Amino acid sequence: MHNGEVSYWWRARGRTAQRPPLPGGTEADVCIVGAGYTGLWTAYYLKRADPALRIVVLEAAFAGFGASGRNGGWVTAALPGSRARYTEHSRGAQGVREFERHLRETVDEVARVCAAEGIDAGLVKGGTLSVATSAAQDARLRQHLAAERSWGADENIVRYLNKEELAGRLTVAGAVGALYWPDCARVQPADLVAGLAEAVTRSGVLLYEGTPVADITVGRARTPMGDVRAPFVLRCTEGFTADLPGVHRTLLPMNSSMIVTGPLSSDAWRAIGWDGCETLGDEAHAYMYAQRTADGRIALGGRGVPYRFGSEIDHDGAIPPSTIAQLGRILRRMFPVTVEAGIEHAWCGVLGVPRDWCATVMMDPRTGLGWAGGYTGHGVAAANLAGRTLADLVRGVPSPLTTLPWVGHRSPRWEPEPLRWAGVHGLYALYRTADRLEDTGRSSRTSLLARAGDLVSGIPH
Ligand SMILES: Cc1cc2nc3c(=O)[nH]c(=O)nc-3n(C[C@H](O)[C@H](O)[C@H](O)COP(=O)(O)OP(=O)(O)OC[C@H]3O[C@@H](n4cnc5c(N)ncnc54)[C@H](O)[C@@H]3O)c2cc1C
């Protein structure tokens, strides 16, 4: 079994030679730090809007080395944050509704660009399912649905599927019902980010790999190879942000771990179904997420070791055997027929979590410094919307995107260590215990332990 090696997605795709590093100090109109989805989408839309712009992207490793080449491949319209918190913005609930509409449209925008640029990322817009496998989870589904309805989300946005309706789509052992949102697509994440990097360089953007930025200051990104001087410098480093000076406590690098099976036999697929390629999650507190891959496997992820002391980031993506076993148990519990295919590859990556779990797109016109991130695990579509928004902000063009409630949003900083480590580990211990209690079926109500966790963390539901 492969463990680490960045991700299965990259191993399956195969890597071509790394692009050269920055050859020396230079000048640009816009300097973007980080070549994941955020940095690349920003470069893509900026260059399309103004082909004369000189845009330099600096990437410490290679384009798609971070979460963008390791994720679960859900191009999801889920809000990267809390409705309640974003409603505090001056535009109130209406601003949040517009934000959500833009996120739904973003799923189609990603598909449109893939088609226009010839990016074959196995994109299928099959929607997303959240299944309940216990009475407490089913009760949470129904509460969730009631909250969506009172917010104004109709049947076109989310609907309840009973056991039989769910079984018509896919068979999950023990599932009693599900919620279904049509606005989600499945992708092969590394194919998406690699295709995007190619599209961006084709358009004339200069992308330098193997070029770590040591510091960002007004008008300058400093690297060992020389400085890039530019009136706009954009930090697009999400889960890696804690490594940069001055922003150590801005985004917590939260770990997420994944496994992928070997190819499943046609008998196994007949038993499971899943012809619609919906992305799949559940209602557990320590939740899972999965997809049916374009090459006939199941890729499944979950929290694993959530966070390393001091915001330390593990770079090669290897995960401990205990996490592989934990994810394997979830896989076999939901899909017993996957035993035959075994687990072929395991890996992890970091995503950026702000203290209030709400993402930000920020641009200070006085300094020319901007950034976007903190998508709390909902970053694949959101990074596209953030990229379009940053492009408008850099160009100083007022647009419907530049007034969305995440623009200029300020999250509090995380606590210093050891409080940060203890808090995150304590929270996930609470969630795991709550899941175990609920799985015993003794109660159909959400465990008080989980509610306590939500209260302490401020995690939105
Ligand atoms: C395992 C996993 C599963 C996930 N699943 C999903 C999902 O299914 N759906 C979803 O919506 N979201 C998911 N996410 C979150 C999503 O992948 C991220 O939010 C998104 O990819 C962030 O993109 P980004 O470009 O902002 O950051 P990244 O993709 O992390 O890119 C940042 C880049 O910056 C580079 N960098 C960092 N520091 C420096 C520096 N100092 N100098 C130069 N370069 C630097 C890094 O090498 C990296 O390439 C998942 C995340 C993980 C880890």
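A short tour of the structure in this document, coming up. (Residues numbered from 1 in each chain as written. Predicted model: local features only at pLDDT ≥ 70, side-chain atom pairs only at ≥ 80, totals over all residues. Heavy atoms only, no water.)

**Notes on the overall build of the protein chain**
Within the protein chain, the regular secondary structure consists of 12 helices and 21 strands. Looking at the protein chain as a whole, 57% of its 461 residues qualify as buried. Counted over contacts in the protein chain with a minimum sequence separation of 6, partners at least 24 positions apart contribute 78%. Only carbon and sulfur atoms are counted for the fraction: they give 55% of the accessible area of the protein chain, which is about 17800 Å². (Helix = DSSP H or I, 4+ residues; strand = E, 2+ residues; numbered from the N terminus. Buried < 20%, exposed > 50% of the residue type's maximum accessible area, 1.4 Å probe, protein only. Contact = heavy atoms within 4.5 Å. Areas by Shrake-Rupley, 256 points an atom, 1.4 Å probe, with all protein chains shown as cover.)

**Focus: the layout of surface pockets**
The gaps left among the atoms become clear once a water-sized probe is rolled over them. Taken as a whole, the second largest pocket spans an internal volume of roughly 540 Å³. Residue lining of the second largest pocket: 27 residues in total, with R235, V247, M362, W371 and R410 positioned closest to the centre. If you list the elements that add at least two residues to the lining of the second largest pocket, you get β11 (215-217), β14 (232-235), β20 (360-364) and β21 (369-373). Each residue belonging to the lining of the second largest pocket can be placed in one class, and the counts come to 13 nonpolar, 8 polar and 6 charged. (1 Å grid on protein atoms, 1.4 Å probe; cavity = no way out; pocket = protein on both sides within 12 Å on 5 of 7 lines; lining within 4 Å. Points joined across faces, edges and corners; volume = space filled by probe spheres on them. Nonpolar A, V, L, I, M, F, W, Y, C, P; charged D, E, K, R; others polar.)

**Focus on the pattern of salt bridges**
Where charged atoms from two side chains of opposite charge approach closely, those side chains can pair. In the structure shown here, the tally under the stated rule is 26 salt bridges. A salt bridge links D183 to K125; its shortest N-O distance comes to 3.4 Å. With D183 in the loop between β8 (177-181) and β9 (184-186) and K125 in the loop between α4 (92-117) and β6 (128-132), this residue pair connects regions lying 58 residues apart in the sequence. K125 sits in the partly exposed class, given a relative accessible area of 39%. Salt-bridge contacts for R292 lead to D275; the nearest nitrogen and oxygen are separated by 3.6 Å. With R292 in strand β17 (residues 289-292) and D275 in the loop between α8 (266-272) and β16 (279-282), this residue pair connects regions lying 17 residues apart in the sequence. Look at R292 and you get buried, because its relative accessible area is 16%. Here the salt bridges do not stand alone but share partners, grouping R11, D295, R297 and E344 into one network. (Salt bridge = Lys/Arg side-chain N within 4 Å of Asp/Glu carboxyl O.)

**As for the packing of α4 against helix α10 (residues 380-395)**
In the contact formed by α4 and α10, the axes pass within 9 Å of each other and the chain directions differ by 100°. It follows that α4 is roughly perpendicular to α10 by the angle criterion. When α4 is examined against α10, the residues F99, H102, L103, T106, E109 and V110 are found in contact with a partner set consisting of A381, A382, N384, L385 and R388. When its residues are assigned to classes, the contact of α4 with α10 shows 6 nonpolar, 3 polar and 2 charged. (Axes fitted to C-alpha atoms, helices over the stretch in contact; angles between N-to-C directions. Parallel < 35°, antiparallel > 145°, perpendicular 65-115°, else oblique.)

**Regarding the sheet that holds β14**
The strand order β10-β4-β3-β14-β21-β20 describes an open sheet built from 6 strands, whose pairing is mixed. The outermost strands of the open sheet, each flanked by one partner alone, are β10 (206-208) and β20. The average angle at which neighbouring strand axes cross in this sheet is 15°, direction not considered. In the packing of α10 onto the sheet, contacts are made with β3 (30-33), β14, β20 and β21, and the angle to β20 comes to roughly 15°. (Pairing = 2+ DSSP bridges.)

**Overview of the site of the ligand**
Neighbouring residues of the ligand: 37 residues in total, closest T38, E59, S68, V213 and V380. Separating an oxygen atom of the ligand from a backbone N or O atom of Y37 is a distance of 3.0 Å. E59 is positioned with one of its side-chain polar atoms (N or O) 2.6 Å from an oxygen atom of the ligand. In isolation the ligand offers 1000 Å² of accessible surface; the protein chains occlude 97% of this area. Among the elements of the structure, α2 (37-49), β5 (74-76) and β19 (343-353) are those that each provide at least two residues to the shell around the ligand. A breakdown of the residues in the shell around the ligand according to their chemical character gives 18 nonpolar, 16 polar and 3 charged. (Near = heavy atom within 4 Å. Polar contact = N/O pair within 3.5 Å; in protein donor to acceptor, adjacent residues only side chain to side chain.)

**A look at the environment of R235**
Looking at the element boundaries, R235 is found in strand β14. The exposure class assigned to R235 is buried, which follows from its relative accessible area of 12%. In this structure the C-alpha to C-alpha distance between R235 and G370, which are 135 residues apart in sequence, comes to 6.2 Å. Dropping the residues within four chain positions of it, R235 is found in contact with V33, I216, T241, L244, V247, G370, W371 and A372.

**Examining the sheet that holds β11**
Strand order across the open sheet formed by 4 strands is β2-β13-β12-β11, with mixed pairing between neighbours. If you trace the sheet from one side to the other, it starts and ends with β2 (26-27) and β11, each paired once. One ladder, built from 2 bridges, connects β2 with strand β13 (residues 226-229); its direction is parallel. Paired with E27 across the two strands is R229, which belongs to β13.

**Thoughts on the packing of aromatic side chains**
Applying the stated criterion across every chain yields a total of 14 aromatic pairs. Ring centres 5.9 Å apart and planes at 90° place the aromatic pair W41 and Y44 in the edge-to-face group. Residue W41 and its partner Y44 are located together in helix α2, separated by 3 residues, close to a single helical turn. Take W41 and Y44: they sit in the same class, and that class is buried. (Phe/Tyr/Trp six-rings, centres within 6.5 Å; stacked < 30°, edge-to-face > 60°.)

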